[in-house]
Amino acid sequence: MGLLVECKKHFGTTDLFKVLQVKENASNKDVKKAFFEKSKLYHPDKCSDASATEKFQILNRLYSILSDEDKRKIYLETGDVDEDSTLVNISDWKSFWSAFFPKVDLKAVDKLKSEYVGSEQERKDIKENYVKFKGDMNSIMESTMFAEIEREDEIREIINELISSGEVEAYKKYTNESAASKMKRKKDAEKDRNEMIKDSKKSKPKPDLEDLAIAIRSRQQKECASFLDSLEAKYAPKPKKSRTK
């Protein structure tokens, strides 16, 4: 079922902006904030609505459209949505998950992070995002999993190696970024993190590793599938063997 049809079914409108209750010219920051707030309302652990899981996943798909400049433009001009990728742009992944899951479950996130950071998959993702956004570090940091602001220097090292090896071109937006722009990104990241941490303290839902896996899948469905498989294999409860009479 298409996203617009599902939005109509569950939220009563095919207008993606109305679902998040933001204006069409809303900034990415405002869209992200609205997405966080709406997602918390429909998380399965916090909502008794039978369709909570469906609504939660629809919101993730919706956000993947409105947070992408090209996809949002296509939607505004044609009314159609491009769902080739369900990647959601969230820079502070751990803080986002902590709004839904207690610290004990974040051990699984730490495990995923330890396998992803420094991997060939991460290098591939950074390369794809660098080319896609033509060197715009704000978008690269938002679109790369576990790209917390503290890791920006590491990510830049990878990009610099890609440029030096000739794998990508040196976009001016990257090479000529001002110190003021870098400082603003750092301040914005710190502000967003503090807001998410503050929200996470308001309620502490019960742990559910299966929901954690769903949350991860909905955000990085293509890029980290192999990591999810290993994560579930190690941490998910194993089915009991049936007794034979």
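The structure contained in this document is the topic of the report that follows. Numbers given for residues are sequential positions, taken from 1 along each chain in its written order. Local features in a predicted model are, by the rule used here, given only for residues with pLDDT of at least 70; side-chain atom pairs are given and counted only at 80 or more, and totals for whole chains, interfaces and linings are based on all residues. With hydrogens and water excluded, all non-hydrogen atoms of the structure serve as input to the side-chain values.

1. Description of the overall build of the protein chain
Let me state the cut-off plainly: The helix and strand labels rest on DSSP assignments: H or I over at least four residues marks a helix, E over at least two residues marks a strand, and numbering proceeds from the N terminus. When a residue's accessible area, from a 1.4 Å probe over protein chains only, is under 20% of the maximum for its type it is buried; when over 50% it is exposed; and in between it is partly exposed. In what follows, residue pairs with any heavy atoms lying within 4.5 Å of each other are defined as contacts. Residue exposure ignores everything except the shown protein chains as possible cover, and the areas themselves are Shrake-Rupley values with a 1.4 Å probe.
The number of helices and strands found in the protein chain is 14 helices and 0 strands. For the protein chain, the proportion of its 245 residues judged to be buried stands at 46%. In the protein chain, 70% of the contacts between residues at least 6 apart in sequence involve partners at least 24 apart. Working note: accessible area of the protein chain is about 13,700 Å², and carbon and sulfur atoms make up 50% of it.

2. So, the packing of helix α1 (residues 3-11) against helix α4 (residues 52-66)
Just so we agree on the cut-off: Interaxial angle, 0 to 180 degrees, is taken between N-to-C directions of lines fitted to C-alpha atoms, where a helix line uses only the stretch in contact. Any angle between 65 and 115 degrees counts as roughly perpendicular, while under 35 counts as roughly parallel, over 145 as roughly antiparallel, and the rest as oblique. In a left-handed crossing the near helix is turned counterclockwise from the far helix by less than a right angle, and in a right-handed crossing that turn is clockwise. Just so you know the grouping, Ala, Val, Leu, Ile, Met, Phe, Trp, Tyr, Cys and Pro go in nonpolar, Asp, Glu, Lys and Arg go in charged, and all remaining residues, Gly too, go in polar.
Following both chains from N to C, one finds α1 and α4 inclined at 135°, their axes separated by 10 Å at the closest point. With respect to each other, α1 and α4 are oriented oblique. The element α1 and its partner α4 pack so that their crossing is left-handed. Two secondary-structure elements touch here, α1 through L3, E6, C7, H10 and F11 and α4 through E54, K55, I58, L59, R61, L62 and I65. A per-class count over the contact of α1 with α4 returns 7 nonpolar, 1 polar and 4 charged.

3. Side note on helix α3 (residues 28-42)
We count it as follows: Expected span of a helix, by definition, is 1.5 Å for each gap between consecutive residues, and there is one gap fewer than residues.
With 15 residues, α3 extends 21 Å from end C-alpha to end C-alpha; this agrees with the ideal 21 Å at 1.5 Å per step. For α3, every residue scored as buried is listed here: V31, K32, A34, F35, F36, K38, S39, K40 and Y42.

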